[in-house]
Amino acid sequence: MADRLLLIGMMGAGKSTVARLAAGRLGWTWLDTDTEVARTAGSSVADLFACHGETYFRQQEAEALQGVLRRDGNLVVSVGGGAVLDETNRARLRAAGTVVWLRARPETLVERVRDGAGRPLIAGAGPEDRTDTLRALDAARRPLYAELADEVIDVDTLTAPAVADRLLDAVGRGAPYRGVHP
């Protein structure tokens, strides 16, 4: 079976950026479940939410995850933050490879997602509402991420390249870690 690294975590944790970096360093294929949903639907995630609602999007997300995990070859996959809400998705992730949780404090997430543009669960909300929503989502999802994670990387004070270093070190694919990068 091919090697698979599956990155989970909240929006703003850096999953897509780190997965792309790690895949490049490994010479593996990078896939993003949100990108796959948008490609298949011919519409952005934000538009899918607006036109069809979250339930429809979650169905599309589950299909995209299943399709991604059927692919051959070595993969680094950035998994949509809410994919873990579905029990079937969690079972698929557990069986598919090494699951790495990019963990961030809600304060870090708020800072990183800024105005929430392109993020349907917080788009258009004021700063306090975005903060409250991100805290609530984090509280609900944190136990699921913890349940799935083979490895956990705290990303709050790290750059994306430093997180990629930690990721590859944690899974035995990188040079020894040399300390915190700014």
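Fair warning: this is a prediction, and the values are worked out from it, not measured in the lab. All residue numbers refer to position in the chain's written sequence, counted from 1. At least 70 in pLDDT is required for a residue's local features to be given in this predicted model, at least 80 for side-chain atom pairs to be given and counted, and no such filter applies to totals for whole chains, interfaces and linings, which use all residues. Note that water and hydrogens are dropped before the side-chain values are worked out from all heavy atoms of the structure.

Peer 1: Would you mind going over the overall build of the protein chain in detail, with residue names and values included?
Peer 2: Only DSSP runs of H or I covering at least 4 residues are called helices, and only runs of E covering at least 2 are called strands; the numbering of each starts at the N terminus. Each helix and strand in the protein chain was counted, giving 8 helices and 5 strands. Only protein chains enter the calculation, and the probe is 1.4 Å; a residue is then buried if its accessible area is under 20% of its type maximum, exposed if over 50%, and partly exposed in between. Burial status across the protein chain gives 42% buried among its 182 residues. Counting contacts in the protein chain only where the partners sit at least 6 residues apart, residues at least 24 apart contribute 74% of the total. Residue-level accessible areas treat just the shown protein chains as cover; the underlying method is Shrake-Rupley with a 1.4 Å probe. Counting every atom, the protein chain has about 8800 Å² of accessible surface; 48% of that belongs to carbon and sulfur. We call two residues in contact when some of their heavy atoms are within 4.5 Å.

Peer 1: Could you give me a rundown of helix α8 (residues 160–170), with the residues and numbers involved?
Peer 2: Among all positions in α8, only A162, V163, A164, L167 and L168 are buried. Buried-residue contacts for α8 involve β1 (4–8), α1 (15–26), β4 (98–103) and β5 (151–154). At the exit of α8 stands G172, carrying a positive phi of roughly 70°.

Peer 1: Any chance you could break down the side chain of T33 for me, citing the residues and the numbers?
Peer 2: Tracing the sequence through the fold places T33 in helix α2 (residues 33–41). Those residues in contact with T33, other than ones at most four positions away along the chain, are A64, L65, V77, S78, V79 and G80.

Peer 1: Describe in detail the packing of α1 against α8, supporting the description with residues and values.
Peer 2: In this analysis an axis means a line fitted to C-alpha atoms, helices contributing only their contacting stretch, and an angle means the value between N-to-C directions, from 0 to 180 degrees. At a minimum axis distance of 9 Å, the contact between α1 and α8 shows a crossing angle of 60°. Judged by the inter-axis angle, α1 sits oblique to α8. Crossing handedness for the pair α1 and α8: right-handed. Seen from α1, the contacting residues are T17, V18, L21, A22, R25 and L26; seen from α8, they are A160, P161, V163, A164, D165, L167 and L168. Gly counts as polar in this scheme, as do all residues outside two lists: the nonpolar Ala, Val, Leu, Ile, Met, Phe, Trp, Tyr, Cys and Pro, and the charged Asp, Glu, Lys and Arg. Tallied by class, residues from the contact of α1 with α8 come to 10 nonpolar, 1 polar and 2 charged. Here the angle decides the label: under 35 degrees means roughly parallel, over 145 means roughly antiparallel, 65 to 115 means roughly perpendicular, and every other value means oblique. The handedness criterion is simple: a crossing whose near helix is rotated anticlockwise from the far helix by less than a right angle is left-handed, and one whose near helix is rotated clockwise is right-handed.

Peer 1: Lay out α1 in plain terms, naming residues and giving numbers.
Peer 2: Between the first and last C-alpha of α1 there are 16 Å, a value that for 12 residues agrees with the 16 Å anticipated at 1.5 Å per step. Structurally, α1 contributes buried residues whose contacts are with β1, β2 (29–32), β3 (75–78), β4 and α8. One or two positions beyond α1, positive phi appears at G27, with a value near 75°. An expected span of 1.5 Å times one less than the residue number is assigned to each helix.

Peer 1: How would you sum up the nonpolar core? Please name residues and give values.
Peer 2: In this text, buried Ala, Val, Leu, Ile, Met, Phe, Trp, Tyr and Cys residues form a nonpolar core when linked through side-chain atoms within 4.5 Å. Counting residues in each nonpolar core, the largest one holds 45 residues, and the members touching the most others are L7, I8, V76, L93, L102 and I153. With near-sequence residues (within four places) excluded, V76 lies in contact with L5, L7, A19, A22, A23, L26, W28, T29, W30 and L31. Judged by nonpolar contacts, the second largest core, of 6 residues, contains V37, V45, L48 and A64.

Peer 1: Tell me what's going on with the packing of aromatic side chains, and back it up with residues and numbers.
Peer 2: Stacked, edge-to-face and tilted labels apply to pairs of Phe, Tyr and Trp rings (six-membered ring for Trp) whose centres lie within 6.5 Å, assigned for plane angles under 30 degrees, over 60, and everything in between, in that order. Following the criterion strictly, the structure yields 1 aromatic pair and no others. With a centroid separation of 5.6 Å and an interplanar angle of 40°, the aromatic rings of W101 and Y145 are classed as tilted. Pair noted here: W101 is in strand β4 and Y145 is in helix α7 (residues 127–148), with a separation of 44 residues, a long-range link. Assigned by exposure class, W101 and Y145 land together as buried. One Lys or Arg, R20, reaches over the ring of W30 and ends 4.7 Å from the middle of that ring. Sitting over a ring, as applied to charges here, requires NZ of Lys or CZ of Arg to be within 6 Å of the ring centre and within 35 degrees of the ring normal. The ring of W101 carries R103 above its face, with NZ or CZ at 5.2 Å from the centroid.

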